[in-house]
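# Architecture at a glance
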Amino acid sequence: MDELKPDQVDPSEDSSRPREPMVVIEGVNKHFGDLHVLRDINLTVGKGEVVVILGPSGSGKSTLCRAINRLETVESGTIAVDGNPLPEEGKPLAQLRADVGMVFQSFNLFAHKTIRDNVTLGPIKVRKKSKDEANALADRLLERVGVAEQAEKFPAQLSGGQQQRVAIARSLAMGPKVMLFDEPTSALDPEMVNEVLDVMVGLAKEGMTMIVVTHEMGFARKAADRVVFMADGQVVEVATPDEFFTNPRSDRAKDFLGKILTH
């Protein structure tokens, strides 16, 4: 086996230029019962960087993503966002979650609120914006993600792709420092996937710091600065998209790509 040990992986080895760190994960471990789902994870994501996390099911990708804003607790190690360690609970944790946008597999919109109200809720309640300010912001963001004409509708009246774009607008409305995407297209019909990925590519080009767990290899190739490949709860390989897809270094990555890219 030519498997790379996690401690042999230098997360910054292929950065074209040094970036100020935005998310720093050091020595993170997590168990679900007897299952060791995160094993000594070390990863630094720079400001403005797009990192795509790939790997087989059960490799720990989503758990890692959710740990970054403490939706999952970790047993050891540290996670810091913009220089601040993750708070345990209370107001500091609420503040962190306001700074870390999260887009899930399911859209998690409030069914009883209009699209505009879904987007304005956080800015009004958490950022203390006036209703007029929040409405103007929501309208700009809904325009940006291509659903401005749906503002007065309710989530159930929109397609899955439209709802996911609203979920992205809702996260952006908080002015986050980093955006986490956990399988954002996996619940969508195939024809709706690209409309969501196009919005994400646009965000990447604008310099949003993004950590994306996805099975969309095209997005990884197009938008990622680095690909992080996970297997069995470990970071096995970190590389540029070009290096990863054309010359993976580990047997696990070669096996994964062999199965994915031949379908």
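Below: a short report on this structure. None of the values given here were measured: they were computed from a predicted structure. (Residues numbered from 1 in each chain as written. Predicted model: local features only at pLDDT ≥ 70, side-chain atom pairs only at ≥ 80, totals over all residues. Heavy atoms only, no water.)

With that out of the way, let us pick up the packing of helix α3 (residues 115–125) against helix α4 (residues 131–144). The contact between α3 and α4 brings their axes to 9 Å, and the two run at 125 degrees. Taken together, α3 and α4 sit at an angle that is classed as oblique. When you trace α3 past α4, the crossing you get is right-handed. Residues I115, R116, V119, T120, P123 and I124 of α3 form the contact with α4, whose participating residues are K131, A134, N135, L137, A138, D139 and L142. Looking at the contact of α3 with α4, its residues break down into eight nonpolar, two polar and three charged. (Axes fitted to C-alpha atoms, helices over the stretch in contact; angles between N-to-C directions. Helix = DSSP H or I, 4+ residues; strand = E, 2+ residues; numbered from the N terminus. Parallel < 35°, antiparallel > 145°, perpendicular 65-115°, else oblique. Left-handed = near helix turned anticlockwise from the far one by under 90°. Contact = heavy atoms within 4.5 Å. Nonpolar A, V, L, I, M, F, W, Y, C, P; charged D, E, K, R; others polar.)

It is worth spelling out the sheet that holds strand β2 (residues 35–46) at this point. Note on sheets: strands pair through backbone hydrogen bonds, and any given pair is parallel or antiparallel. Strand order across the open sheet formed by four strands is β2-β1-β4-β5, with antiparallel pairing between neighbours. Only two strands of the sheet have a single partner each, and these edge strands are β2 and β5 (84–85). Summarising the sheet, strand β1 (residues 21–32) and strand β4 (residues 76–81) pair through five bridges and their orientation is antiparallel. Note on β4: the bridge partner recorded for V23 is V81. (Pairing = 2+ DSSP bridges.)

Right, let's get into the packing of α3 against helix α5 (residues 160–172). Two elements in contact, α3 and α5, have axes whose closest approach is 8 Å; the angle formed by their N-to-C orientations is 25 degrees. In terms of orientation, α3 lies roughly parallel with respect to α5. Read as a crossing pair, α3 and α5 show a hand that is right-handed. Taking contact as the criterion, the partners of I115, N118 and V119 in α3 are, on α5, V166, A169 and R170. Its residues assigned to classes, the contact of α3 with α5 comprises four nonpolar, one polar and one charged.

Going residue by residue along strand β6 (residues 100–103), you find V100 and M102 tucked away on one face and G101 and V103 tucked away on the opposite face as well. Pairing of β6 with strand β7 (residues 178–182) involves four bridges; the strand directions are parallel. Considered in β7, the bridge of G101 is made with M179. (Buried < 20%, exposed > 50% of the residue type's maximum accessible area, 1.4 Å probe, protein only.)

Further remarks concern α5. When the terminal C-alpha atoms of α5 are compared, their 18 Å separation across 13 residues agrees well with the 18 Å that a helix rising 1.5 Å per residue should span. A large share of α5 lies buried, amounting to 13 of its 13 residues. (Expected span 1.5 Å × (residues − 1).)

Attention shifts here to the side chain of N118. Relative to the helices and strands, N118 is located in helix α3. Assessed through its relative accessible area of 1%, N118 is described here as buried. In this structure N118 touches L109, F110, K113, P155 and R170, once residues within four positions along its chain are discounted.

A word on the pattern of salt bridges. As enumerated under the stated definition, the model contains 16 salt bridges in all. The partner of R66 in a salt bridge is E72, with the nearest N and O atoms 3.7 Å apart. What makes R66 partly exposed here is its relative accessible area of 25%. For E72, a relative accessible area of 17% translates into the label buried. In this structure, R144 and E206 form a salt bridge, with 2.2 Å as the shortest nitrogen-oxygen distance. Placement of R144 in helix α4 and of E206 in the loop between α6 (190–205) and β8 (209–213) is noted, with a sequence separation of 62 residues between them. (Salt bridge = Lys/Arg side-chain N within 4 Å of Asp/Glu carboxyl O.)

The subject of this paragraph is the sheet that holds β8. What the six strands build is an open sheet, ordered β6-β7-β8-β3-β9-β10; its pairing is mixed. Pairing within the sheet leaves two strands with one partner each, and these edge strands are β6 and β10 (234–239). Going across the sheet, the axis of each strand differs from the next one's by a mean of 20 degrees, ignoring polarity. Across five bridges, strand β9 (residues 226–231) lies against β10 in antiparallel orientation.

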